[in-house]
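One letter stands for each residue in the lines below.
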Amino acid sequence: MEGDLVTPGERTTHPAIRIVIAEDQALVRRGAAILLSMEPNMEVVGQARNGVEAVELAQLLHPDVILMDLHMPLKGGVAATREITRDLPNTQILVLTTLDDDETVFEAVRAGAQAYLLKDASEDELLETIRALRRGESRLTPQIARKVMDQFRRLAPASHAEPVPED
């Protein structure tokens with residue numbers, strides 16, 4: 001049994017990232033659940049088939065992260081995101097969708113999504129984004145980041161900033 005001993009500091013234990021998957025397509029939902037369940041620091045605690053179920057599961061389970069599709073029946077992902085982030089500010093929303101039109105992206109971000117990935121993201125990108133959310137970071141795929149930056153530039157007033165003084 002001596003080989004089973006772990007000395008202090010040898011292993012740090014972090015609670016698993018508790019995840020709910022909100023996706024109306026069963027194959028995508030189940031595939032994501034299998035992928036995430038294989039990670040030692042991630043636990044899929046619930047699966048929702050629509051936005052109504054996503055809100056109910058969030059309120060019941062208080063997950064750390066919700067993978068949120070945007071186009072779902074009964075209640076869309078943007079409305080579900082808005083409700084969840086209002087009621088559960090510690091739950092992070094990771095949008096995982098095929099939708100990348102400007103209005104959808106901005107609605108999801110305004111609703112409170114902290115990350116936005118397209119469904120063609122790699123497995124590693126998805127896993128790293130979930131870990132980044134746990135660290136308090138936000139993540140956007142490059143094409144989505146470009147849309148957000150362009151929109152920010154359009155909304156920002158023309159700057160007549162003074163030059164920054166050098167030291």
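Quick caveat: nothing in here was measured; it's all calculated off a predicted structure. (Residues numbered from 1 in each chain as written. Predicted model: local features only at pLDDT ≥ 70, side-chain atom pairs only at ≥ 80, totals over all residues. Heavy atoms only, no water.)

*Asks:* Which residues make up the sheet that holds strand β4 (residues 92–97), and what are the values?
*Replies:* Strand order in the open sheet made by the six strands is β2-β1-β3-β4-β5-β6, with parallel pairing throughout. Two strands bound the open sheet, and with one partner strand each, they are β2 (42–48) and β6 (139–140). Sheet analysis places strand β5 (residues 115–118) next to β6, joined by two bridges and oriented parallel. Across the sheet, residue A115 finds its bridge partner in β6, namely R139. Running at roughly 135° to β2, helix α2 (residues 51–61) makes contact with β1 (17–22), β2 and β3 (65–68) of the sheet. (Pairing = 2+ DSSP bridges. Helix = DSSP H or I, 4+ residues; strand = E, 2+ residues; numbered from the N terminus. Contact = heavy atoms within 4.5 Å. Axes fitted to C-alpha atoms, helices over the stretch in contact; angles between N-to-C directions.)

*Asks:* Report on helix α4 (residues 102–111), specifying residues and quantitative values.
*Replies:* Regarding α4, the residues found buried are T104, V105, F106, A108 and A111. Buried residues belonging to α4 abut α3 (77–87), β4, β5 and α6 (142–155). In the stretch just after α4, G112 is the one whose phi turns positive, near 120°. (Buried < 20%, exposed > 50% of the residue type's maximum accessible area, 1.4 Å probe, protein only.)

*Asks:* Got a sec to walk through the pairing of β2? Specific residues and values, please.
*Replies:* Every other side chain in a regular strand lies on the same face of the sheet, so the side chains alternate between the two faces. Relative to β2, β1 is paired through six bridges, and the arrangement is parallel. Looking across to β2, one finds that I19 is bridged to V44. The handedness of the β1 to β2 crossover, carried by helix α1 (residues 26–37), is right-handed. (Right-handed = clockwise from strand over helix to strand, strands pointing away.)

*Asks:* Please provide a residue-by-residue account of the packing of α3 against α4, values included.
*Replies:* Close contact between α3 and α4 brings their axes to 8 Å; oriented N to C, the two are set at 15°. It follows that α3 is roughly parallel to α4 by the angle criterion. Regarding α3 and α4, the two cross each other, and that crossing is right-handed. Facing V78, T81, R82 and T85 of α3, the residues of α4 in contact are E107, A108 and A111. In terms of residue class, the contact of α3 with α4 is built from three nonpolar, two polar and two charged. (Parallel < 35°, antiparallel > 145°, perpendicular 65-115°, else oblique. Left-handed = near helix turned anticlockwise from the far one by under 90°. Nonpolar A, V, L, I, M, F, W, Y, C, P; charged D, E, K, R; others polar.)

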